[in-house]
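Listed here are the chains, written in short residue letters.
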Amino acid sequence: SGAEEIAKWAPGAHVVKAFNTVGSTIMDNPAFGDAKALLFYCGDDATAKEAARQLATDIGFDAADAGHLTQARLLEPLALLWISLAFQQKMGREFAFQFLRR
């Protein structure tokens, strides 16, 4: 993944993959009425992941820990799906994924 490559280029850095599965308009306003847009994050350092989670929740996302940084390999294609739906399928940029839990 791109995130893993960045971690290799910056030894000692605490890389967290986040904020890549939604567009900029959703980052500006992740609220959909009472629902919140989903934001996955992943990384190998607990403190860095907590900082990313806190930032995401502070600006209104439903933040979900996707695990270790290797999970970025799965988040990056999710970003491509969002881009494909937004532009190639002409859904526009005003949508986000939601995480439903029981």
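Shown above is the structure to which this text applies.
Only a predicted model underlies this, so the values are computations on that prediction, with no experimental measurement involved.

> Teacher, can you tell me more about the overall build of the protein chain here?
Scanning the protein chain from terminus to terminus reveals four helices and five strands. Each helix (α) and strand (β) of the protein chain, taken in turn from the N terminus, gives the series α-β-α-β-β-β-α-β-α. On C-alpha atoms alone, the protein chain measures out to a radius of gyration of 14 Å, which is about the 13 Å that the 2.2 N^0.38 rule sets for 102 residues. Along the first, second and third principal axes, the C-alpha set of the protein chain runs to 40 × 30 × 25 Å. Counting across all 102 residues of the protein chain, residues that qualify as buried make up 33%. Counting only carbon and sulfur atoms, one obtains 57% of the accessible surface of the protein chain, whose full area is about 6300 Å². Looking at the protein chain, you have 10 positive and 12 negative side-chain charges, and the mean spots of the two groups are 5 Å apart.

> Whenever I open this one, the pattern of salt bridges confuses me. Can you help?
A side chain with one charge can pair with a side chain of the opposite charge if their charged atoms come near. Within the structure shown, the criterion is met by six salt bridges. A salt bridge links Glu5 to Lys8, with the nearest nitrogen and oxygen atoms 3.2 Å apart. Taken as a pair, Glu5 and Lys8 lie in helix α1 (residues 2-9) at a separation of three residues, close to a single helical turn. For Glu5, a relative accessible area of 31% gives the class partly exposed. Of the residues examined, Lys8 reaches a relative accessible area of 57% and is grouped as exposed.

> How should I be thinking about the packing of aromatic side chains in this particular structure?
Centre distance and the angle of the planes are the two values used to describe a pair of aromatic rings. Here the structure, examined in full by the defined rule, presents five aromatic pairs. Geometrically, the ring pair formed by Phe95 and Phe97 is edge-to-face, given 6.3 Å between the ring centres and 85° between the ring planes. What makes Phe95 buried here is its relative accessible area of 13%. Following the ring pairs from residue to residue traces out a cluster consisting of Trp82, Phe87, Phe95 and Phe97.

> Is there a simple way to explain the nonpolar core in this structure?
Ala3, Val15, Leu38, Phe40, Cys42, Ala64, Ala66, Leu69, Ala72 and Leu75 form the largest nonpolar core, which has 10 residues in total. Those elements giving two or more residues to this core turn out to be β4 (38-43) and α4 (72-88). Looking at this core, the element that brings in the most residues is β4, giving three residues. Residues contacting Val15, with those up to four places away along its chain left out, are Ala3, Ile6, Ala7, Cys42, Gly43, Asp44 and Leu69. Counting residues in each nonpolar core, the second largest holds nine residues, with Ala18, Ala37, Phe61 and Ala63 among its members.

Rules used in this analysis
- Residues numbered from 1 in each chain as written.
- Predicted model: local features only at pLDDT ≥ 70, side-chain atom pairs only at ≥ 80, totals over all residues.
- Heavy atoms only, no water.
- Helix = DSSP H or I, 4+ residues; strand = E, 2+ residues; numbered from the N terminus.
- Rg over C-alpha atoms; globule rule 2.2 N^0.38 Å.
- Buried < 20%, exposed > 50% of the residue type's maximum accessible area, 1.4 Å probe, protein only.
- Areas by Shrake-Rupley, 256 points an atom, 1.4 Å probe, with all protein chains shown as cover.
- Lys, Arg positive; Asp, Glu negative; His and termini not counted.
- Charge placed at Lys NZ, Arg CZ, Asp CG, Glu CD.
- Salt bridge = Lys/Arg side-chain N within 4 Å of Asp/Glu carboxyl O.
- Phe/Tyr/Trp six-rings, centres within 6.5 Å; stacked < 30°, edge-to-face > 60°.
- Core = buried A, V, L, I, M, F, W, Y, C linked by side-chain atoms within 4.5 Å.
- Contact = heavy atoms within 4.5 Å.

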